[in-house]
Amino acid sequence: MAGHDAGTQHQFTGIAKYFNSYTITGRRNCVLATYASLAAIALFFKLKPKKKPAVTEK
Amino acid sequence: MMLSFFDQFMSPTYLGIPLIALALSLPWILYPKPTPRWLNNRLITLQGWFINRFTQQIFQPLNLKGHKWAALFASLMLFLITLNMLGLLPYTFTPTTQLSLNMAFAVPLWLATVIIGMRNQPTHALGHLLPEGTPTLLIPILIIIETISLFIRPLALAVRLTANLTAGHLLIQLIATAAFVLLPLMTTVAILTAVLLFLLTLLEIAVAMIQAYVFVLLLSLYLQENV
């Protein structure tokens, strides 16, 4: 498709070095981070203890 | 028994034997194979030229590793174009109007391209899910959108072929019925409808060839991303 950016003209520092949308590894890391976040959110809601309503004596 | 317009799309069976097997074997039966001798006749030469030209066209943008798929794509193209064109003959059944058949083509081939990409070059395959130069705020949204679009690809491939062919056949049947019914009532309108039917048939011949080509072209593009 479009030519891959080797990322040589970009000098990233800090977190942008690993998570950016210009280099192929940066894009890969963004994708993996997004998937991991979605999996974490799903896992959080799955493992969240459900509140049982209090049982009142009749 | 009242015939509906959708009866032409029912998978035909005879005494419990599914005739779709016969319909699917026609592209294999109808094409003569090249002779083991030095030169072929004119028809086979033309056939070979067409297959070579098509394969060259499809594989030009693909790197060497993707050329392993040449036989598969060439035979798939020939198969689809033959099924589509044969279906334009009156009273024939077109197997490519069945979503099940088209999904059976699209899903395994698409999945193969994805698995090849993930195995051989996982960084590139995953990196494709985020377009280059995306603004930071849009990154998560775009990744989700691109993932959805990745999984929709086989569905789109299959439904595109099914819908185009089904709609074309249905239109032909409707307009032919209209021309036939109008003939004793409004002859001039019936003649105009017949002209429309003729033009539609020409369009459907083009659509039959184009849809087969588009199917294989898109698969080659998906392969290009992953190989």
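As the structure is a prediction and not an experimental result, all values here were calculated from the model.

Describe the overall build of chain A, and please don't skip the residues or the numbers.
On a plain count of helices and strands, chain A comes out with one helix and zero strands. A total accessible area of about 5,000 Å² is found for chain A, and carbon and sulfur atoms account for 65% of it.

Please give an account of the overall build of chain B that cites residues and values.
When you go through chain B residue by residue, the secondary structure sums to seven helices and two strands. Listing each helix as α and each strand as β along chain B from the N terminus yields β-β-α-α-α-α-α-α-α. Taken over the C-alpha trace, chain B has a radius of gyration of 22 Å; the compact-globule value for 227 residues is 17 Å, which it surpasses by more than 25%. Taken along its principal axes, the extent of the C-alpha atoms in chain B is 65 × 60 × 40 Å. Here chain B holds 227 residues, and the buried ones make up 37% of them. On chain B, roughly 13,800 Å² of surface is accessible, and the fraction owed to carbon and sulfur atoms is 74%.

Residues and numbers for the nonpolar core, please.
One finds Phe-73, Leu-76, Leu-80, Leu-157, Phe-215, Val-216 and Leu-219 of chain B to be the most contacted residues of the largest nonpolar core, which totals 36 residues. For this core, the secondary structure elements donating two or more residues are helix 1 (24-47) of chain A together with helix 2 (42-59), helix 3 (70-86), helix 4 (99-120), helix 6 (139-182) and helix 7 (187-226) of chain B. Those residues in contact with Phe-73 of chain B, other than ones at most four positions away along the chain, are Phe-54, Ile-58, Phe-59, Val-216, Leu-219, Ser-220 and Leu-223 of chain B.

Kindly report on helix 1 (residues 20-30) of chain B, identifying the contributing residues and their values.
Structural remark: α-helix, 3.6 residues per turn; residues separated by three or four positions point the same way. Buried within helix 1 of chain B are the following residues: Ile-20, Ala-23, Ser-25 and Pro-27 of chain B. Buried residues along helix 1 of chain B sit against strand 2 (17-18) and helix 3 of chain B.

Describe in detail the layout of surface pockets, supporting the description with residues and values.
Residues and elements named next belong to chain B. Each pocket or cavity is described by its volume, and for the largest pocket that value is around 880 Å³. In terms of lining, the largest pocket is formed by 24 residues, of which the most central are Gln-8, Pro-90, Tyr-91, Thr-92 and Gln-173. The biggest single contributor to the lining of the largest pocket is helix 6, with five residues. Grouping the amino acids of the lining of the largest pocket by side-chain chemistry returns twelve nonpolar, eleven polar and one charged.

If you had to explain the interface of chain A and chain B to someone new, which residues and values would you point to?
The interface of chain A with chain B comprises 16 residues on the first partner and 18 residues on the second. The interface formed by chain A and chain B includes one salt bridge. We note a salt bridge from Arg-27 of chain A to Glu-132 of chain B, for which the minimum N-O separation is 3.8 Å. Our count for the chain A to chain B interface comes out at six residue pairs in polar contact (both at pLDDT 80 or more). Along the lines of polarity and charge, the residues of the side of chain A that touches chain B split into eight nonpolar, five polar and three charged.

A description of the UniProt feature "transmembrane region" (unreviewed entry) in chain B should follow, citing residues and the corresponding values.
Residues and elements named next belong to chain B. Under the UniProt annotation, "transmembrane region" (unreviewed entry) lies at residues 12-31, 69-89, 101-118, 138-159, 171-199 and 205-223. Along residues 69-89, the helical share is 81% and the strand share 0%, with 31 Å between the first and last C-alpha atoms. The span residues 205-223 is 100% helix and 0% strand, and its two end C-alpha atoms sit 28 Å from each other.

Pulling in residues and values, what's your account of a nonpolar patch on the surface?
A cluster of nonpolar side chains, Leu-38, Ile-41, Phe-44 and Phe-45 of chain A together with Ile-144, Ile-148 and Ile-152 of chain B, forms an exposed patch at the surface whose accessible area comes to about 680 Å². Considering each element in turn, the nonpolar patch owes the most residues, four residues, to helix 1 of chain A. Checked against the element boundaries, Phe-45 of chain A lands in helix 1. Classification of Phe-45 of chain A by relative accessible area gives exposed; the value is 53%.

So what's going on with helix 1 of chain A? Residues and values would help.
Counted at 1.5 Å a residue, the expected span for helix 1 of chain A with its 24 residues is 34 Å, and the 34 Å between its end C-alpha atoms agrees. Residues of helix 1 of chain A that are buried: Ile-24, Gly-26, Arg-27, Asn-29, Cys-30, Val-31 and Thr-34 of chain A. Contacts made by the buried residues of helix 1 of chain A are with helix 5 (122-127) and helix 6 of chain B.

Mind laying out unusual backbone geometry, listing which residues take part and the relevant values?
Residue and element names in this part refer to chain B. Positive phi, close to 50°, is recorded for Leu-15, a residue that is not glycine. In this fold, Leu-15 is placed in the loop between strand 1 (13-14) and strand 2. According to the relative accessible area criterion, Leu-15 is exposed, its value standing at 73%. One non-glycine residue with positive phi stands out, namely Tyr-91, at about 65°. In this structure, Tyr-91 sits in the loop between helix 3 and helix 4.

Any details on the pattern of salt bridges? Residues and values, ideally.
For side chains of opposite charge, pairing can occur when their charged atoms come near one another. All names here are of chain B. Scanning the model with the defined rule gives two salt bridges over all chains in all. The partner of Arg-153 in a salt bridge is Glu-225, with the nearest N and O atoms 3.3 Å apart. One end of the pair, Arg-153, is in helix 6; the other, Glu-225, is in helix 7, and 72 residues separate them in sequence. There is no split in this pair, since Arg-153 and Glu-225 are both buried.

Rules behind the numbers
Residues numbered from 1 in each chain as written. Chains lettered and ligands numbered in written order. Predicted model: local features only at pLDDT ≥ 70, side-chain atom pairs only at ≥ 80, totals over all residues. Heavy atoms only, no water. Helix = DSSP H or I, 4+ residues; strand = E, 2+ residues; numbered from the N terminus. Areas by Shrake-Rupley, 256 points an atom, 1.4 Å probe, with all protein chains shown as cover. Rg over C-alpha atoms; globule rule 2.2 N^0.38 Å. Buried < 20%, exposed > 50% of the residue type's maximum accessible area, 1.4 Å probe, protein only. Core = buried A, V, L, I, M, F, W, Y, C linked by side-chain atoms within 4.5 Å. Contact = heavy atoms within 4.5 Å. 1 Å grid on protein atoms, 1.4 Å probe; cavity = no way out; pocket = protein on both sides within 12 Å on 5 of 7 lines; lining within 4 Å. Points joined across faces, edges and corners; volume = space filled by probe spheres on them. Nonpolar A, V, L, I, M, F, W, Y, C, P; charged D, E, K, R; others polar. Salt bridge = Lys/Arg side-chain N within 4 Å of Asp/Glu carboxyl O. Polar contact = N/O pair within 3.5 Å; in protein donor to acceptor, adjacent residues only side chain to side chain. UniProt positions renumbered as here; feature names shortened; annotations may be inferred. Patch = residues over 30% accessible without salt bridge, like charges linked within 9 Å, V, L, I, M, F, W, Y side chains within 5 Å. Expected span 1.5 Å × (residues − 1).

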